[in-house]
Amino acid sequence: MAHMASTENPVPALTVGFDLDMTLIDSRPGIHACYTALAERTGTYVDADLAITRLGPPLEEELANWFPAGRVGEIAELYRSMYPEFAIAATPALPGAVEAIAAVRAAGGRAIVVTAKYEPNAKLHLDHLGIEPDAVMGDLWAERKAEALREYAAGVYVGDHLGDVRGARTAEALSVAVATGPYDADALRAAGADVVLADLTHFPGWLAGYWPARA
């Protein structure tokens with residue numbers, strides 16, 4: 001008779017969380033276009049070239065560099081309202097993004113997106129690129145990403161930013177970092193990432209080694 005797995009200790013389902021900006025998508029061209037349009041609309045100078053080198057944290061943190069504190073909330077709303085027009089079509093998927101989500105599904109798992117981006121705009125990006133995660137949670141940054149990771153019992157979180165490493169650690173999930181954002185592999189390792197990949201094209205191969213070993 002074939003050996004059956006014990007039902008007393010079922011293998012937990014695989015759930016993998018992914019960050020969005022600079023992990024699944026190269027949002028630099030779209031965000032650059034949106035900041036440029038925002039500067040024209042408001043008459044306030046924004047260095048879009050500089051702003052796109054430090055993507056990851058909440059929008060308000062970047063806007064505070066260019067606008068008076070009392071206007072940041074209002075300007076953030078304006079930016080988010082302009083975003084679909086200027087940023088979605090200009091933004092490509094990063095190499096391996098579609099395949100990474102597919103690899104999680106092929107392993108019988110769920111793929112979720114947990115991002116600091118305004119959730120409706122995050123969903124517009126994914127819809128435009130034909131990337132279909134099982135769930136999308138926006139407006140969560142750094143340690144707060146752990147709220148969604150815990151809710152979905154995610155055992156792995158994939159991101160490009162030191163804030164993503166902190167979010168994974170807070171959720172007690174495995175931190176898989178990709179060096180496609182503002183930090184190189186050494187910085188991600190130093191921040192405590194458990195696994196560092198050059199980009200998502202290496203993710204399916206890594207997952208194939210990681211998940212069967214767990215199962």
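Novice: Would you explain the layout of surface pockets in this entry?
Specialist: The method is simple in principle: a probe with the dimensions of a water molecule rolls over the atoms, and the space it marks as empty is what remains. A volume near 350 Å³ is recorded for the largest pocket. Around the largest pocket, the lining comprises 22 residues; the ones closest to its centre are D21, G56, P57, P58 and L59. Of the residues in the lining of the largest pocket, the class split is 11 nonpolar, four polar and seven charged.

Novice: When you look at the sheet that holds strand β2 (residues 110-114) in this model, what are you seeing that I'm missing?
Specialist: Pairing within the open sheet is parallel, and its six strands lie in the order β3-β2-β1-β4-β5-β6. Since the sheet does not close on itself, it has two edges, and those belong to β3 (135-137) and β6 (195-197), each with one partner. Each neighbouring strand pair of the sheet contributes to a mean axis angle of 20°, computed without reference to strand direction. Inspection of the sheet shows β2 paired to β3 by three bridges, in the parallel sense. Across the sheet, residue V114 finds its bridge partner in β3, namely M137. Packed onto the sheet, helix α6 (residues 119-129) meets β2 and β3 and runs at close to 140° relative to β3.

Novice: Is there a simple way to think about the packing of aromatic side chains in this case?
Specialist: For the structure on display, the rule yields seven aromatic pairs. Note on F18 and F203: the rings are 5.5 Å apart at their centroids and 65° apart in plane angle, and the pair reads as edge-to-face. Here F18 is found in strand β1 (residues 15-18), whereas its partner F203 is found in helix α10 (residues 203-214), with 185 residues between them in sequence. We classify F18 as buried; its relative accessible area is 0%.

Novice: What exactly am I supposed to notice about the pairing of β2 here?
Specialist: The side chains of a regular strand alternate between both faces of the sheet. For β2, the tally of buried residues reaches four of five residues, placing the bulk of the element in the interior. Bridge count between β1 and β2: four bridges; the pairing is parallel. Bridge pairing in β2 places F18 opposite V113. In the classification by handedness, the crossover that spans β2, the intervening α6 and the parallel β3 is right-handed.

Definitions and limits used
- Residues numbered from 1 in each chain as written.
- Predicted model: local features only at pLDDT ≥ 70, side-chain atom pairs only at ≥ 80, totals over all residues.
- Heavy atoms only, no water.
- 1 Å grid on protein atoms, 1.4 Å probe; cavity = no way out; pocket = protein on both sides within 12 Å on 5 of 7 lines; lining within 4 Å.
- Points joined across faces, edges and corners; volume = space filled by probe spheres on them.
- Nonpolar A, V, L, I, M, F, W, Y, C, P; charged D, E, K, R; others polar.
- Pairing = 2+ DSSP bridges.
- Helix = DSSP H or I, 4+ residues; strand = E, 2+ residues; numbered from the N terminus.
- Axes fitted to C-alpha atoms, helices over the stretch in contact; angles between N-to-C directions.
- Contact = heavy atoms within 4.5 Å.
- Phe/Tyr/Trp six-rings, centres within 6.5 Å; stacked < 30°, edge-to-face > 60°.
- Buried < 20%, exposed > 50% of the residue type's maximum accessible area, 1.4 Å probe, protein only.
- Right-handed = clockwise from strand over helix to strand, strands pointing away.

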